[in-house]
Amino acid sequence: MPDFDMLVIGSGPGGQKAAIAAAKLGRRVAVVDRPDMVGGVSIHTGTVPSKTLREAVLYLTGLTQRDLYGQSYRLKDEITVADLTARTQHVISREVDVIRSQLARNRVAMFAGTGRFADDHTVAVRDADGHEQLLTAGHIVIATGTRPARPASVEFDERTIMDSDSVLNMERVPRSMVIVGAGVIGIEYASMFAALGSKVTVVEQREGMLDFCDVEVVEALKYRLRDLAVTFRFGETVAAVERHARGALTVLESGKKIPADAVMYSAGRQGLTDDLDLGKAGLTADRRGRITVDEHYRTAVPHIYAVGDVIGFPALAATSMEQGRSAAYHACDEPVNPIHDLQPIGIYTIPEISFIGRTEDQLTDACVPFEVGVSRYRELARGQIVGDSHGMLKLLVSPEDRRLLGVHCFGTGATELIHIGQAVMGCGGTVDYLVDAVFNYPTFAESYKVAALDATNKMREIDHLGD
């Protein structure tokens with residue numbers, strides 16, 4: 001008889017939810033992770049610290065209040081790294097406590113150390129002292145997550161040249177910064193450091209950024225970031241980064257040279273599978289360290305599952321949680337609905353971006369007719385109260401059956417606001433529901449009614465032309 005019914009390698013969002021779901025179903029469950037990484041990358045260097053840092057930046061800089069109190073308004077003139085990390089460390093320690101408590105309450109055994117496969121049912125756990133013990137399990141879930149990818153040609157020193165993990169440990173707020181990569185993580189950090197007053201240059205080899213988002217929303221974000229003195233270098237590739245006593249010099253292949261106090265690489269992420277000895281379990285990973293799974297999150301070995309960032313796209317904490325729960329249910333022969341196709345995307349730039357469903361470009365390419373309804377925060381009482389005159393909500397509506405095809409939001413509270421659209425779309429509701437619904441006043445949620453009225457008025461105008 002195996003030691004456990006289920007053994008989970010990694011305690012991030014996917015691993016936690018898999019372990020707790022199996023425990024709730026009465027299975028004997030264990031989790032393996034390093035003692036300093038309980039909660040995974042998400043808690044320690046990824047989602048939680050970066051979003052906490054963002055809140056600290058917004059609060060201390062007073063950025064969002066400047067429309068009301070003037071462009072010189074700041075809550076604190078000289079913001080130090082200690083000011084920013086104090087809040088981050090507080091949140092991390094509280095979250096780790098919550099996770100430990102949840103696992104303990106559900107009688108999930110916690111093994112401190114790193115795990116590697118001895119065979120397809122056995123994991124060798126090595127503790128900090130180098131001692132190993134073998135644990136056997138009926139089912140194993142790989143939830144090891146990812147680390148930032150590092151180009152071999154770049155000499156990272158964690159002080160001047162950093163990745164998105166080590167940027168959280170910087171000694172001071174840089175006066176100038178180069179961010180290589182205009183993906184989600186790169187743009188989130190670009191907006192944070194720009195808000196702090198750093199002169200930021202973003203270098204991206206593609207011709208644009210966030211190409212999976214609504215074009216109008218991305219343009220609005222670029223406008224706001226340029227207003228904060230961010231410079232974009234699209235279609236440019238970094239040839240070399242030179243370290244100097246007073247900073248770094250980034251040399252582009254076009255010949256441009258950009259001096260800065262610090263350089264941050266945001267060049268994608270690499271699956272943490274190198275040390276798992278996957279071959280002993282009959283598994284392999286691709287060159288980015290990712291493991292292939294089926295619709296139930298089973299690997300090529302049916303009793304071994306993989307969830308979270310280690311399986312690739314969409315690599316979000318929210319989707320990882322659902323993958324973990326779904327994998328555990330399947331392993332325990334418990335019925336489970338497949339994860340809904342409608343996945344909200346949240347990007348914690350300043351201001352926030354969030355969307356669900358399809359973009360205008362996707363609908364146009366697919367020859368799907370749609371009408372657009374827009375609400376602008378500056379026209380909402382709530383927008384005036386909080387001082388956000390830049391935000392907007394956009395609804396894409398089918399004129400045929402009046403259902404929502406996409407919802408795109410930019411501005412304060414966008415990542416919260418999107419879930420109203422998600423609920424309407426998920427339940428098959430129409431734009432008429434939003435027109436007829438009563439929303440609290442003054443709220444940002446009211447933007448749904450304004451945008452819905454905008455879309456339906458346009459559709460009515462077209463209908464009346466045919467009368």
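Since the model is a prediction, treat every value here as computed from it, not as a measurement.

**Student:** In this structure, what is going on with the overall build of the protein chain? I would like to understand it.
**Tutor:** Per the secondary structure count, the protein chain includes 13 helices and 22 strands. For 467 residues, the compact-globule estimate of 2.2 N^0.38 gives 23 Å, and the C-alpha radius of gyration of the protein chain, at 24 Å, lies within 12% of that figure. Expressed as lengths along the three principal axes of its C-alpha atoms, the size of the protein chain is roughly 75 × 60 × 40 Å. Within the protein chain, buried positions represent 50% of all 467 residues. Taking contacts inside the protein chain between residues at least 6 apart in sequence as the whole, the part at least 24 apart equals 62%. Accessible surface for the protein chain amounts to roughly 21900 Å². Of this, 50% is attributable to carbon and sulfur atoms.

**Student:** Is there a simple way to think about the nonpolar core in this case?
**Tutor:** Nonpolar side chains in soluble globular proteins generally cluster together in the buried interior. In this structure, Leu84, Val167, Tyr189 and Met209 are the most contacted members of the largest nonpolar core, which totals 53 residues. A total of seven residues in this core trace back to one element, the largest contributor, which is helix 6 (residues 184–195). Residue contacts for Met209: discarding those within four places in its chain leaves Ala182, Ile187, Val218, Leu221, Lys222, Phe232 and Phe234. Counting 50 residues, the second-largest nonpolar core is a separate cluster that includes Leu7, Ile99, Val108 and Ile291.

**Student:** Looking at this model, I keep getting lost on the domain arrangement of the protein chain. Mind explaining?
**Tutor:** Think of interface size as the accessible area that goes away when the parts come together; that is how it is often given. Taken domain by domain, the protein chain consists of domain 1 (4–148 + 270–332), domain 2 (161–267) and domain 3 (351–466). For domain 1 versus domain 2, the distance between C-alpha centres works out to 27 Å. Contact with domain 1, which involves 18 residues of that partner, is made by 15 residues of domain 2. Between domain 1 and domain 2, a total of about 1300 Å² is buried, with carbon and sulfur atoms accounting for 69% of that surface. Three residues stand out in domain 1 for area buried against domain 2, namely Thr45, Val81 and Pro148, and they jointly supply 35% of the buried area on that side. At the junction of domain 1 and domain 2, the tally comes to one salt bridge. Note that Glu188 is salt-bridged to Lys51, the shortest N-O span being 3.0 Å. Of all the secondary-structure elements, those providing two or more residues to the side of domain 1 that touches domain 2 are helix 3 (47–61) and helix 5 (81–105). Among the elements that line the side of domain 1 that touches domain 2, the one with the most residues is helix 3, at seven residues. Here the residues of the side of domain 1 that touches domain 2 sort into eight nonpolar, six polar and four charged.

**Student:** Help me understand the pairing of strand 12 (residues 238–244) in this model?
**Tutor:** In summary, the side chains of a regular strand alternate between the two faces of the sheet. Two elements, strand 12 and strand 13 (residues 247–252), share six bridges in a ladder whose sense is antiparallel. Among the inter-strand pairings, Arg243 is bridged to a residue of strand 13, identified as Ala248. Where strand 12 hands over to strand 13, the hairpin turn is made up of two residues, counted between the paired strands.

**Student:** How do you make sense of the sheet that holds strand 8 (residues 161–163) when you look at a structure like this?
**Tutor:** Consider a sheet: its strands pair through backbone hydrogen bonds, and that pairing is either parallel or antiparallel. An order of 8-15-9-10-11 is seen for the five strands of this open sheet, with the pairing classed as parallel. Both outer strands of the open sheet, strand 8 and strand 11 (231–234), are each paired with one neighbouring strand and no more. The mean angle between the axes of side-by-side strands here comes to 20 degrees, regardless of whether they run parallel or antiparallel. Helix 6 rests against strand 9 (176–180), strand 10 (199–204), strand 11 and strand 15 (262–265) of the sheet, and its axis sits at about 165 degrees to strand 10.

**Student:** I'm lost on helix 1 (residues 13–24) in this one. Help?
**Tutor:** Owing to its 3.6 residues per turn, the α-helix aligns residues three or four sequence positions apart on the same side. Here helix 1 is 12 residues long and its end C-alpha atoms lie 16 Å apart, about the 16 Å a rise of 1.5 Å per residue gives. Of the residues making up helix 1, those classed as buried are Pro13, Gly14, Gly15, Gln16, Ala18, Ala19, Ile20, Ala21, Ala22 and Ala23. Where the residues of helix 1 are buried, they touch strand 1 (4–9), strand 2 (29–33), helix 2 (40–44), helix 5, strand 6 (132–142) and helix 8 (317–331). One or two steps after helix 1, the chain reaches Gly26, where phi turns positive at roughly 85 degrees.

**Student:** Explain helix 6 here, please?
**Tutor:** End to end, helix 6 covers 17 Å across 12 residues, agreeing with the expected 16 Å (1.5 Å per residue, within 8%). Of all the 12 residues making up helix 6, 10 are buried; the element is thus mostly covered by neighbouring parts of the structure. Those residues of helix 6 that sit buried are Gly186, Ile187, Glu188, Tyr189, Ala190, Ser191, Met192, Phe193, Ala194 and Ala195. Immediately downstream of helix 6, the backbone of Gly197 shows phi near 105 degrees, a positive value.

**Student:** For this particular structure, what's the right way to read the UniProt feature "domain: Pyridine nucleotide-disulphide oxidoreductase dimerisation" (unreviewed entry) in the protein chain?
**Tutor:** The positions that UniProt labels "domain: Pyridine nucleotide-disulphide oxidoreductase dimerisation" (unreviewed entry) are, in the present scheme, residues 344–451. Here residues 344–451 runs as 34% helix and 25% strand, with 19 Å between its end C-alpha atoms.

Procedures and definitions
- Residues numbered from 1 in each chain as written.
- Predicted model: local features only at pLDDT ≥ 70, side-chain atom pairs only at ≥ 80, totals over all residues.
- Heavy atoms only, no water.
- Helix = DSSP H or I, 4+ residues; strand = E, 2+ residues; numbered from the N terminus.
- Rg over C-alpha atoms; globule rule 2.2 N^0.38 Å.
- Buried < 20%, exposed > 50% of the residue type's maximum accessible area, 1.4 Å probe, protein only.
- Contact = heavy atoms within 4.5 Å.
- Areas by Shrake-Rupley, 256 points an atom, 1.4 Å probe, with all protein chains shown as cover.
- Core = buried A, V, L, I, M, F, W, Y, C linked by side-chain atoms within 4.5 Å.
- Domains from an automatic or database assignment.
- Buried area = accessible area lost by both parts, 1.4 Å probe.
- Salt bridge = Lys/Arg side-chain N within 4 Å of Asp/Glu carboxyl O.
- Nonpolar A, V, L, I, M, F, W, Y, C, P; charged D, E, K, R; others polar.
- Pairing = 2+ DSSP bridges.
- Axes fitted to C-alpha atoms, helices over the stretch in contact; angles between N-to-C directions.
- Expected span 1.5 Å × (residues − 1).
- UniProt positions renumbered as here; feature names shortened; annotations may be inferred.

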